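Fold and geometry: a report
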Amino acid sequence: MVNRRRNGSRANGRAARGGLQTQQEQQRKRPPIKALREPAIFAKRSGSASDTPHDKVTLAQARRGTPAHRPVRVYADGIYDLFHSGHARALMQAKNLFPNTQLIVGVCSDALTHKYKGYTVMTEDERYEALIHCRYVDEVVRDAPWTITSEFLKKHKIDFVAHDDIPYTSAGSEDVYKHIKEAGMFVATQRTEGISTSDLITRIVRNYDVYVRRNLQRGYTAQELNVGFIKEKKFRLQEQVDRMKETVRTVEEKSKHLVHRVEEKSHDLIYKWEEKSREFIRNFLELFGPDKAWYMIQERSGRVLQALSPYQSPSTSPSSSPTRGRSTSPVTHWPLLRFRSPPPKGASVSSSEGDEGEM
């Protein structure tokens, strides 16, 4: 018995170890769970704080995943006004250019952007804040230069610059990335068609009245929206007209719903009335059918009516009239009483007349 218990405990231990090994193998095969990332850091004004030696890396080496001791630092600059999916997809491409990539994003200031490109919708602080919350970004450079210089590349230890391959004409240059391309440090990304900051601004300008009316309804003043007095009154009137239209539309919908309900109710009432009428007729026939009291009542009433009806004309009555050319219709003959005046004195009375007189 003792040996059996020992053998059983050994077998259970082996089974437990086997199950543990199976669980460990399954956990190894499962992909690692990605946790939420912290916001990206802002680059220091002195540049990269990494003490790792920054050796020159070729494009072929970067694509093979070398050097192994440090990531490949890729730089992508821009305005990033009204940050949208097109920006995010470009940064995603830059982040996935190489197996081991650290993405640094440069954002130009308001002063520089207004000087070379135009007025922005978002302030520079809002644009900085939007970038550090993008999951593809590892580091954000504030007040980035409009044209990338060799000193800036060395300061931030940048290996490659990522941007779309369309020549970017600005600041008196046909392409601000021309010298980066000639140095072999440029990597092209693809633009997302149908979405850009200019497209979004165009939508707002095209639907200007709609957005102004919406913001007036939400509580913004005409001064905040830079709207004149007459235009504000126009928008207010349009808003009232739209409300009246919506009210009329709502009333129409409710009336249609009410009519539909009345029709349903009427159909239900008619159906119930038909059912009740059928039930009443069925009960009536069961109570006063041919085999029930109604037949007896009919028979008795028929006898009463026959007893009360006038006499029929006798069957032996003459069918022809002394008047020719006239047709006689059956007429009910009631018994006639003939009254005669008394005969004159001395006149003889026949026996027949006497008989009649006796009658």
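Residues numbered from 1 in each chain as written. Predicted model: local features only at pLDDT ≥ 70, side-chain atom pairs only at ≥ 80, totals over all residues. Heavy atoms only, no water.

Some points on the overall build of the protein
- For the protein, the helix and strand inventory stands at twelve helices and six strands.
- Looking at the 359 residues of the protein, the share that counts as buried comes to 25%.
- In the protein, once contacts between residues fewer than 6 apart in sequence are set aside, the share between residues at least 24 apart is 68%. (Helix = DSSP H or I, 4+ residues; strand = E, 2+ residues; numbered from the N terminus. Buried < 20%, exposed > 50% of the residue type's maximum accessible area, 1.4 Å probe, protein only. Contact = heavy atoms within 4.5 Å.)

Focus: the pairing of strand E3 (residues 101–107)
- By the criterion of burial, E3 is predominantly enclosed, with six of the seven residues buried.
- Between the parallel elements strand E2 (residues 72–78) and E3, the chain passes through helix H3 (residues 85–95) in a crossover that is right-handed.
- As paired elements, E3 and strand E4 (residues 139–142) share four bridges and run parallel to each other. If you follow Gly106 over to E4, its bridge partner there is Val141. (Right-handed = clockwise from strand over helix to strand, strands pointing away. Pairing = 2+ DSSP bridges.)

Section: the packing of aromatic side chains
- All told, the structure shown has five aromatic pairs when counted by the stated rule.
- The interplanar angle of 40° and the centroid separation of 5.3 Å between the aromatic rings of Phe98 and Phe160 together place this pair among those described as tilted. Within this pair, whereas Phe98 is found in the loop between H3 and E3, its partner Phe160 is found in strand E5 (residues 160–164), the two being separated by 62 residues in sequence.
- Looking at Phe98, the relative accessible area reads 5%, which means it is buried.
- We classify Phe160 as buried; its relative accessible area is 2%. (Phe/Tyr/Trp six-rings, centres within 6.5 Å; stacked < 30°, edge-to-face > 60°.)

Let's talk about the pattern of salt bridges
- Evaluated as defined, the whole model comprises 14 salt bridges.
- Between Glu239 and Arg243 there is a salt bridge, and its shortest N-O distance comes to 4.0 Å. Taken together, the positions of Glu239 and Arg243, both in helix H10 (residues 229–288) and four residues apart, correspond to about one turn of that helix.
- Linked through salt bridges whose partners overlap, the residues forming this network are Arg213, Glu239, Asp242 and Arg243. (Salt bridge = Lys/Arg side-chain N within 4 Å of Asp/Glu carboxyl O.)

Some details on unusual backbone geometry
- Of note, Leu82 is a non-glycine position whose phi angle comes to about 50°, a positive value.
- Along the chain, the position of Leu82 falls in the loop between E2 and H3.
- We note that Asn226 has phi near 60°; this positive angle belongs to a residue other than glycine.

Points about the pairing of E4
- Here two bridges tie strand E1 (residues 41–42) to E4, and the two strands are oriented parallel to one another. Paired with Ile41 across the two strands is Glu139, which belongs to E4.

Some remarks on helix H5 (residues 124–132)
- All buried positions along H5 are accounted for by Arg127, Tyr128, Leu131 and Ile132. Taken around the axis of H5, the buried residues stretch over an arc of 130°, which confines them to a single face.
- The elements touched by buried residues of H5 are E1, H3, E3, helix H4 (110–116) and E4. (Arc of directions from axis to C-beta.)

Quick look at the side chain of Asp138
- Among the secondary structure elements, Asp138 is positioned in the loop between H5 and E4.
- Among the polar contacts listed, one links the side chain of Asp138 to the side chain of Lys95, at a separation of 2.6 Å.
- A distance of 2.8 Å separates the side chain of Asp138 from the backbone nitrogen of Leu103, its partner in a polar contact.
- Once residues lying within four places of it in the same chain are set aside, the contact partners of Asp138 are Arg37, Ala40, Ile41, Lys95, Thr101, Gln102 and Leu103. (Polar contact = N/O pair within 3.5 Å; in protein donor to acceptor, adjacent residues only side chain to side chain.)

Observations regarding the confidence of the model for the protein
- Across the protein, the average pLDDT comes to 78, with 70% of residues at or above 70.
- Predicted confidence is poor over residues 319–340, with pLDDT under 50, and the contacts of this stretch with residues over four places away or in other chains come to eleven contacts.
- Counted against residues more than four places away or in other chains, residues 349–359, with its pLDDT under 50, gives five contacts. (pLDDT = per-residue confidence, 0-100.)

Describing H3
- For H3, the complete set of buried residues consists of Gly86, His87, Ala88, Leu91, Ala94 and Lys95.
- Taken together, the buried residues of H3 touch E2, E3, H5, E5, strand E6 (186–189) and helix H8 (197–206).

Some thoughts on a nonpolar patch on the surface
- Judged by side-chain polarity, Phe280, Ile281, Phe284 and Leu285 come together as a nonpolar surface patch covering roughly 430 Å² of accessible area.
- Following the sequence through the fold, Phe284 ends up in helix H10.
- Here Phe284 falls in the partly exposed class, since its relative accessible area comes to 37%. (Patch = residues over 30% accessible without salt bridge, like charges linked within 9 Å, V, L, I, M, F, W, Y side chains within 5 Å. Areas by Shrake-Rupley, 256 points an atom, 1.4 Å probe, with all protein chains shown as cover.)

So, the nonpolar core
- Counting residues in each nonpolar core, the largest one holds 23 residues, and the members touching the most others are Leu91, Leu103, Val105, Leu131 and Val137.
- In this structure, Leu103 is in contact with Val74, Ala76, Leu91, Ala94, Lys95, Tyr136, Val137, Asp138 and Glu139, ignoring residues within four places of it in sequence. (Core = buried A, V, L, I, M, F, W, Y, C linked by side-chain atoms within 4.5 Å.)

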